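Chain by chain, the residues:
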Amino acid sequence: MTCEAERLAALVSAAAARLAASGPFGEPPPWRTEADPYAVFVAEFLLVRTRADVVARVWEELLRRYPSFEALAAADEGELAALVAPLGLRKRVPLLKRAAAHVVERYGGRLPEESGELQKIPGMGPYTAAAVSAFAFGRPVVPADVNVLRFLSRLTGLPSGHPTKGSPTLRSLVARLGPAEGGPEPGRLIDFTRHVCRPRRPRCGECPLGDLCGSALLAG
Ligand code: SF4
């Protein structure tokens, strides 16, 4: 490892430890307190394109009408499309039904816990699989969405890279933010990147990382 790589790794580890000892950051969304993996799965599927506060009402109604993978797999496609239309997800309905059918047929209606296995389900990308694994099963993985990658870019001063995938260097640092490395619980990290190190006008004045962060030091 080069000196620069070591410096970046140490910086991210220090920030992770600080975040683990700070917070909470804002109100967690309702599915974060759910013990039911199906409810977490539905939430993460609906969150693909839309903010958490907008998703909550549709999520509750979807769970009420279709309370299991079996019910979702058998749902009327038109009714389901009307339900998720406010989230702009009408076109993803066939994929959602396929995912539910896959869980029923392949796993007997019970989600697997491992992120790698979850990615075999139709429509489950690396982020969604990691989020379900972390939030539904408490696995120590880091769901690295665009918010987490943006935070890492600001913290390290590294270019943000691809708009949704970040850069290989940023992605290589993600694991250091996880609880297995002394970092915060995944939910706390996600809340931090949405409420404090938010997309626009980050709240640097309230941030526990002000003395570590490259972006804040440049601005200050
Ligand atoms: S100091 Fe500001 S830019 Fe840096 S991590 Fe905190 S909120 Fe984000």
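Quick caveat: nothing in here was measured; it's all calculated off a predicted structure.

Further remarks concern the overall build of the protein chain. A tally of helices and strands in the protein chain yields 12 helices and zero strands. When its C-alpha atoms are laid out on the principal axes, the protein chain stretches across 55 × 35 × 30 Å. Out of the 220 residues belonging to the protein chain, those deemed buried represent 38%. Intrachain contacts of the protein chain at a sequence separation of at least 6 include 62% that bridge at least 24 residues.

Along its 14 residues, helix H3 (residues 52–65) runs 20 Å from first to last C-alpha, staying within 8% of the 20 Å computed at 1.5 Å per residue. Contact partners of the buried residues in H3: helix H2 (37–46) and helix H5 (77–84).

A separate point is the domain arrangement of the protein chain. Domain annotation of the protein chain identifies domain 1 (3–27 + 142–219) and domain 2 (30–137). Between domain 1 and domain 2, the C-alpha centre-to-centre distance is 27 Å. Between domain 1 and domain 2, the contact holds six residues from the first and six residues from the second. Split by residue class, the side of domain 1 that touches domain 2 holds four nonpolar, one polar and one charged.

The next thing to look at is helix H9 (residues 146–156). When H9 is considered as a whole, its buried residues turn out to be Val148, Leu149, Phe151, Leu152, Arg154, Leu155 and Thr156. Gly157 lies just past H9 and shows a positive phi near 80°.

Considering every residue of the protein chain, the mean pLDDT works out to 93; 98% of them sit at 70 or more. Element-level mean pLDDT values for the protein chain span from 73 in helix H12 (residues 214–219) up to 98 in helix H4 (residues 69–73).

A word on the nonpolar core. Core analysis: the biggest nonpolar cluster contains 63 residues, and Val12, Val42, Ala43, Leu46 and Val132 have the highest contact counts within it. Built from parts of two domains, this core gets at least three residues from each of domain 1 (3–27 + 142–219) and domain 2 (30–137). Dropping the residues within four chain positions of it, Val12 is found in contact with Leu152, Leu155, Thr156, Leu173, Arg176 and Leu177.

As a further point, take the packing of H2 against helix H8 (residues 126–137). Between H2 and H8, the least distance of the axes is 9 Å, while the angle of their chain directions is 145°. In this structure, H2 crosses over H8, and the sense of that crossing is right-handed. Counting all contacts with H2, which are made through Pro37, Val40, Phe41, Glu44 and Phe45, the residues of H8 involved are Thr128, Ala131, Val132, Phe135, Ala136 and Phe137. For the contact of H2 with H8, the class distribution of residues is nine nonpolar, one polar and one charged.

Now for unusual backbone geometry. Residue Pro24 is reached from Gly23 by a cis peptide bond, and omega for that bond is 5°. Structurally, Pro24 is set in the loop between helix H1 (3–20) and H2. One non-glycine residue, Arg201, lies in the positive phi region at around 45°. Here Arg201 lies in the loop between helix H11 (186–195) and H12. The class of Arg201 is exposed, set by 6 C-beta atoms lying within 10 Å.

Moving on: the environment of Pro179. With respect to the element layout, Pro179 can be found in the loop between helix H10 (168–174) and H11. The class for Pro179 is partly exposed, based on 19 C-beta atoms found within 10 Å. Other than its neighbours up to four places away in sequence, Pro179 contacts Pro140, Pro184 and Glu185.

Bringing the environment of Ala101 into the picture now. In this structure, Ala101 sits in helix H6 (residues 93–107). Along the sequence, Ala101 and Leu19 sit 82 residues apart, while their C-alpha atoms lie 39 Å from each other.

What counts, and where the lines are drawn
Residues numbered from 1 in each chain as written. Predicted model: local features only at pLDDT ≥ 70, side-chain atom pairs only at ≥ 80, totals over all residues. Helix = DSSP H or I, 4+ residues; strand = E, 2+ residues; numbered from the N terminus. Buried ≥ 20, exposed ≤ 12 C-beta atoms within 10 Å, placed from the backbone. Contact = placed C-beta atoms within 7 Å. Expected span 1.5 Å × (residues − 1). Domains from an automatic or database assignment. Nonpolar A, V, L, I, M, F, W, Y, C, P; charged D, E, K, R; others polar. pLDDT = per-residue confidence, 0-100. Core = buried A, V, L, I, M, F, W, Y, C linked by C-beta atoms within 7 Å. Axes fitted to C-alpha atoms, helices over the stretch in contact; angles between N-to-C directions. Left-handed = near helix turned anticlockwise from the far one by under 90°.

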